[in-house]
Amino acid sequence: MELIDTVKVTIKKYAMISQGEHLLIALSGGTDSVCLLKALSMLKDELEISLSAIYIDHQLRPDETPFEIDFCKKICDSLSIPLTIKSIDVLSYAISEKISKQEAARELRYRAFYEAAFELKADKIAIGHNADDQAETILIRLIRGAGPLGLAGIPPVRQKIIRPLIEIERSEIEAFIDAHDIGYVIDSSNLIDRYLRNKIRHIIMPEIKNINPSVVKTISRTADIYRSEERYFDILVTKSIMKMISRKNDQSIELFISPLEMLDPVILRRVLRRAVDETKGLKGITFIHIEDIIKLVKNGRAGDRIYLPGNIRVIKKYSVLTITSEEPKKLNTYILDNSGSIYLKEVSLTLFAELIDYDNIENIDSDKKTAFINADKIQFPLSIRSRVNGDYFYPLGFGKKKKLQDYFVDEKIPRDERDAIPLLINNDEIAWVVGHRIDERYKVDKSVKKVLKCSVRY
C-alpha cells in the first residue's frame, strides 16, 4: 500500500480529522515531519482541510537552528503553507524544575504547540511520530518498567494531538521522501548514542530486526491490543471510582476504604492511578508508587501516609483514603492581646486564654487540649504562629533544650502537618506547642501567683 493510502486509512481508522478542520503541523525539518507536511498537503483538498506549520526553536543547537528554520521556511513556501516559529528556553526550565533536558524540551514543546493552536485557531495538532517511534517507546517503557497502559505506547489520538504516520515504518517514510525528491535536515542530537532512545534506535532495534524483520509491526499490533483492553478497563474504572468517592476537588480526592479493600488488584491499580491523576497528574508516578498505595490500603493504620512525586500525599484515615496535592496548611500570625479567645481559621481551631489565680485552680495537670502556663512570666500581647527555621523550646519533663524540628520527628508528627501546629509565643519564646507540650520554663508550681489557662476547641 502506498504511504498516502496508509495515511488515509490511519486517519479514518482513528477518526483523526473532520471536514473543514484546520491542522497545525509540527515541523522540525527531519524526515518524519517533512513527510507528514508533504502527505497532508497532498491530501488537503480531498480531506477538505486547511494547514499551518510550526517550528520550535529549543535554543539548544544554535549552530544548526538557523539552517533548519531557513529550510522549513522554504519547504512551507513551496507548499503554500504558513509557518509559525516559536522559541522555548529548555535549559532554564530544566534547571528551575530540576528535570532532564529531554523532559523539559518535551513539556515546553507541547505547551508551545497548544499555545500556537489557540492563536491560529487550529483544531488539531499533527505530529510525525511513526511506527518505529512507537516500537522504541514501548521498549523504553518495558526497560524502565511499565504496566499495560505504558505498553499501549503512543496514542494515535490524544485530545488535539493526532499522529497520521503512527502506523508507517521509518523505512517507508524515507522511501517516500526519496521518491518525491524532498530534502530534509538531520538533528545532530539524534546521532548521540548516550541517549537511551538513540541506543535503542541505532543498536538494539537493528539486532532485533535481524531476529524478526517484522518486529515493528508486531510491537505495533501489541500496542493496539493493549490500547483496546485499556479502553475496556477505563469503563470499569470509571464505574468503580464513582461509587467510592467521598469527597473531591481539583487537588484532592477521598475514597472509601472498605470498597477499595475489596477490589481485585487489577482494577485497584487502575482506580488508584485514576485517583492520583485526578489530583495532579501522573508525572513521575511509577508502578512501584501505585503498589506502595496498595500496601497502605491493605496494611496501613489510620494516620499512616506516603509521599509521592509532585508533592502528592496519600493518607489512610479510619474510613477514607485521601490523595491530595493541596499545599499543607500553614498558620498566619495571630495576636492575643489579653484573656479571651481567638479563632485560627487555617486549622479550624479556637484558642481560649483565661488569667486565674493559682489558689483557684483545682487541677493543674496539662493535657493535649489544655495547658496551664506561668502567667508571672507572660507579657501580653502574645502571638500565635507556625514554626520557623531555628525554633526550639524546653519540653516539659525533658530537662534540656530541643529543636522543634527534632521534637516533631520524635513525636512522629507527619511533616505535612507540622506547619499547621500553632505555637503560643511569649517574647520570641515558645510557651506552648499547642496540642502537645508546654515549655519547661513556663511550668506552674506553688510559687506562681497567676496562671494562664489555655485550651483549644476543634
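Everything that follows concerns the structure shown earlier in this document.
Remember, it's a predicted structure, so these values are computed and weren't measured experimentally.

K.L.:
Sorry if this is basic, but what is going on with the pairing of strand E1 (residues 22–26) here?
P.N.:
In the case of a regular strand, side chains alternate between the two sheet surfaces. Summarising burial for E1: five of the five residues are buried, a large majority. Summarising the sheet, E1 and strand E2 (residues 50–57) pair through five bridges and their orientation is parallel. What sits directly across from Leu23, in E2, is Leu51. In terms of strand pairing, E1 meets strand E4 (residues 124–126) through three bridges, oriented parallel.

K.L.:
Sorry if this is basic, but what is going on with the environment of Glu2 here?
P.N.:
The residue Glu2 is located in the segment before helix H1 (3–13) in this model. On the accessibility criterion, Glu2 (59% relative accessible area) is exposed. For the pair Glu2 and Thr324, spaced 322 residues apart in the sequence, the C-alpha separation amounts to 50 Å.

K.L.:
Can you help me understand the sheet that holds E1 in this one?
P.N.:
Strands pair in a sheet through their backbones, by hydrogen bonds, and they do so in one of two ways: parallel or antiparallel. Here we have six strands laid out as an open sheet, ordered E3-E2-E1-E4-E6-E5, and mixed in their pairing. Single-partner strands in this sheet number two, and they are strand E3 (83–87) and strand E5 (157–158). Examined bridge by bridge, E2 and E3 share five bridges and lie parallel to one another. Residue pairing for E3: Tyr55 is matched across the bridge by Ile85. Against the sheet, helix H2 (residues 31–47) contacts E1, E2 and E4, and its axis sits at roughly 160° relative to E1.

K.L.:
Teacher, can you tell me more about the packing of helix H6 (residues 131–144) against helix H9 (residues 196–211) here?
P.N.:
It is at 10 Å that the axes of H6 and H9 come closest, and there the two elements cross at 105°. Relative to H9, the element H6 is oriented roughly perpendicular. Contact residues: H6 offers Asp132, Asp133, Ala135, Glu136, Thr137, Leu139, Ile140, Ile143 and Arg144, while H9 offers Leu196, Arg197, Ile200, Arg201, Met205, Ile208 and Lys209. Among the residues making up the contact of H6 with H9, the classes are represented as eight nonpolar, one polar and seven charged.

K.L.:
Please clarify how the nonpolar core should be interpreted in this entry.
P.N.:
General note: in soluble globular proteins, nonpolar side chains tend to be found buried as a group. Among the nonpolar cores identified, the biggest contains 38 residues, and Leu3, Ile17, Leu27, Leu37, Leu40 and Ile75 are the most heavily contacted of them. Counting residues per element, the ones that place at least two in this core are H1, E1, H2, E2, helix H3 (65–78) and helix H8 (170–179). In terms of residue count, the dominant contributor to this core is H2 (eight residues). In contact with Leu37, other than residues within four places in its own chain, are Ile25, Leu27, Ala53, Ile75, Cys76, Leu79 and Ile81.

K.L.:
Help me out: how do you make sense of the packing of helix H4 (residues 90–97) against helix H5 (residues 101–120) in this one?
P.N.:
Think of two packed helices as two axes; the pair is described by the angle between the axes and how far apart they sit. Put simply, H4 and H5 touch, their axes get as near as 9 Å, and they point 115° apart. With respect to each other, H4 and H5 are oriented roughly perpendicular. Crossing of H4 over H5 shows right-handed handedness. Along its contact with H4, which presents Val90, Leu91, Tyr93 and Ala94, the element H5 presents Lys101, Ala104, Ala105, Glu107, Leu108 and Arg111.

K.L.:
Explain the layout of surface pockets here, please?
P.N.:
To find leftover empty space, a probe the size of one water molecule is rolled over the atoms. If you add up the space inside the second largest pocket, you get close to 880 Å³. Taken together, 34 residues make up the lining of the second largest pocket; nearest its centre are Arg305, Lys329, Asp416, Glu417 and Ala420. Contributions of two or more residues to the lining of the second largest pocket are made by strand E8 (252–256), strand E10 (312–316) and strand E11 (320–324). Per-element tally for the lining of the second largest pocket: the top contributor is E10, with three residues. Each residue belonging to the lining of the second largest pocket can be placed in one class, and the counts come to 13 nonpolar, six polar and 15 charged.

K.L.:
For this particular structure, what's the right way to read the sheet that holds strand E19 (residues 423–426)?
P.N.:
Strand order in this open sheet of five strands is E12-E16-E19-E20-E21, and the pairing throughout is antiparallel. Among the strands making up the open sheet, the edge pair consists of strand E12 (334–336) and strand E21 (437–438).

K.L.:
How should I be thinking about helix H12 (residues 265–279) in this particular structure?
P.N.:
Residues spaced three or four apart along an α-helix point in a common direction, a consequence of the helix completing one turn every 3.6 residues. A rise of 1.5 Å per residue sets the reference length of H12, with its 15 residues, at 21 Å; its end C-alpha atoms lie 21 Å apart and thus fit the reference within 8%. Taken together, the buried positions of H12 are Ile267, Leu268, Arg270, Val271, Leu272, Arg274, Ala275, Val276 and Thr279. Where H12 begins, the side chain of Asp264 points an oxygen toward the backbone nitrogen of Val266, at a separation of 2.9 Å. Immediately downstream of H12, the backbone of Gly281 shows phi near 95°, a positive value.

About the cut-offs
- Residues numbered from 1 in each chain as written.
- Predicted model: local features only at pLDDT ≥ 70, side-chain atom pairs only at ≥ 80, totals over all residues.
- Heavy atoms only, no water.
- Buried < 20%, exposed > 50% of the residue type's maximum accessible area, 1.4 Å probe, protein only.
- Helix = DSSP H or I, 4+ residues; strand = E, 2+ residues; numbered from the N terminus.
- Pairing = 2+ DSSP bridges.
- Contact = heavy atoms within 4.5 Å.
- Axes fitted to C-alpha atoms, helices over the stretch in contact; angles between N-to-C directions.
- Parallel < 35°, antiparallel > 145°, perpendicular 65-115°, else oblique.
- Nonpolar A, V, L, I, M, F, W, Y, C, P; charged D, E, K, R; others polar.
- Core = buried A, V, L, I, M, F, W, Y, C linked by side-chain atoms within 4.5 Å.
- Left-handed = near helix turned anticlockwise from the far one by under 90°.
- 1 Å grid on protein atoms, 1.4 Å probe; cavity = no way out; pocket = protein on both sides within 12 Å on 5 of 7 lines; lining within 4 Å.
- Points joined across faces, edges and corners; volume = space filled by probe spheres on them.
- Expected span 1.5 Å × (residues − 1).
- Polar contact = N/O pair within 3.5 Å; in protein donor to acceptor, adjacent residues only side chain to side chain.

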